[in-house]
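Topology and contacts: notes
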Amino acid sequence: MYESYHKLCLKELDNIKDRPRLLLHSCCAPCSSWVITFLTKYFDITILYYNPNISPIEEYEKRKKEQIRLINEIEHEGIIDIIDCDYDNDIYESKIKGYEDCPERGARCTICFNLRLEKAAKVAALNEYDYFCSTLTVSPYKNAPLINEIGEELSKKYRVKWLYSDFKKNNGYKNSIELSKKYNLYRQDYCGCIYSQRKNILD
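Presented here is a report on the structure given in the accompanying data block. (Residues numbered from 1 in each chain as written. Predicted model: local features only at pLDDT ≥ 70, side-chain atom pairs only at ≥ 80, totals over all residues. Heavy atoms only, no water.)

1. Some words on the layout of surface pockets
Under the convention used in this document: Space inside and on the surface of the protein is sampled on a 1 Å grid over the protein atoms alone, with a cavity defined as a set of points where a 1.4 Å probe fits but cannot get out and a pocket as an open set with protein on both sides within 12 Å along at least 5 of 7 lines; lining residues have an atom within 4 Å of a point. Grid points are joined across faces, edges and corners, and a volume is the space filled by probe spheres set on the points. Numbering of helices and strands starts at the N terminus; helices are DSSP runs of H or I of at least 4 residues and strands are runs of E of at least 2. We call Asp, Glu, Lys and Arg charged. Ala, Val, Leu, Ile, Met, Phe, Trp, Tyr, Cys and Pro are nonpolar, and the rest, Gly among them, are polar.
A volume near 750 Å³ is recorded for the largest pocket. Ser-139, Tyr-141, Lys-142, Tyr-190 and Cys-191 are, among the 35 residues lining the largest pocket, the residues nearest its centre. For the lining of the largest pocket, the secondary-structure elements that each account for two or more residues are helix 2 (29-39), helix 5 (107-126), helix 7 (172-182) and helix 8 (194-202). When residues in the lining of the largest pocket are grouped by element, the largest group, five residues, is from helix 5. Here the lining of the largest pocket is composed, by residue class, of 17 nonpolar, nine polar and nine charged.

2. A short note on the pairing of strand 1 (residues 21-25)
Operational definition: Burial classification: accessible surface area is computed with a 1.4 Å probe over protein chains only, and a residue below 20% of its type maximum counts as buried, one above 50% as exposed, and the rest as partly exposed. When DSSP finds two or more bridges between two strands, those strands count as paired. Consider the strands pointing away from the viewer: the crossover is right-handed when the path from the first strand over the helix to the second runs clockwise.
Within strand 1, four of the five residues are buried, which leaves the element mostly enclosed by the surrounding structure. Of the strand pairs in this sheet, strand 1 and strand 2 (residues 44-49) are connected by five bridges, and their pairing is parallel. Of the residues in strand 2, the one forming a bridge with Leu-22 is Ile-45. Between the parallel elements strand 1 and strand 2, the chain passes through helix 2 in a crossover that is right-handed. Sheet topology places strand 1 next to strand 4 (residues 131-134); four bridges connect them, and they run parallel. When the sheet's bridge partners are listed, His-25 is paired in strand 4 with Ser-134.

3. A word on the sheet that holds strand 4
Read from one edge to the other, the open sheet built from five strands follows the order 3-2-1-4-5, with strand pairing classed as parallel. This sheet does not close on itself; its edge strands, each paired only once, are strand 3 (80-84) and strand 5 (161-162).

Written as structure tokens, this is what we have:
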């Protein structure tokens, strides 16, 4: 299934008509740059900035500010706006309690994906979006099959379409780096939580 996620996305896009509404969970401006460029040809997009894993709060605010700046500056078709959610770092910390020392790409990350994607699914269903998805699959460091499996389950639970993706395919990740340079975006050196930051420091 893993190799076909990008093909599933392209197949779905081939059938798109009349610019449906997409709720796009974004982890950060750099990752969203290529995804927005790619998807704005097909959808009117609302960015959902919900990343309670990011800490400290100064880092969270810095990344959010860059996301808003990118939306205002990036070349695009149609509509792009943003939903700025509550920080909710306390909820994240309670969810991952006991998993703080898990390695990257382990159980803590799975909990984090679930938390953020479920928020996206809830908001998409409540506001009657046609689709929801996430920028997370543009990163080569994120588990695209797992993210799509979570999205698929949440799609069934909340009755809103999940847009399968593996946005790093076809030079997606490379394109995001180039766009980050073009718009002079802040590129963070750790995923977001203090536990991934500690891992970088230790490395």
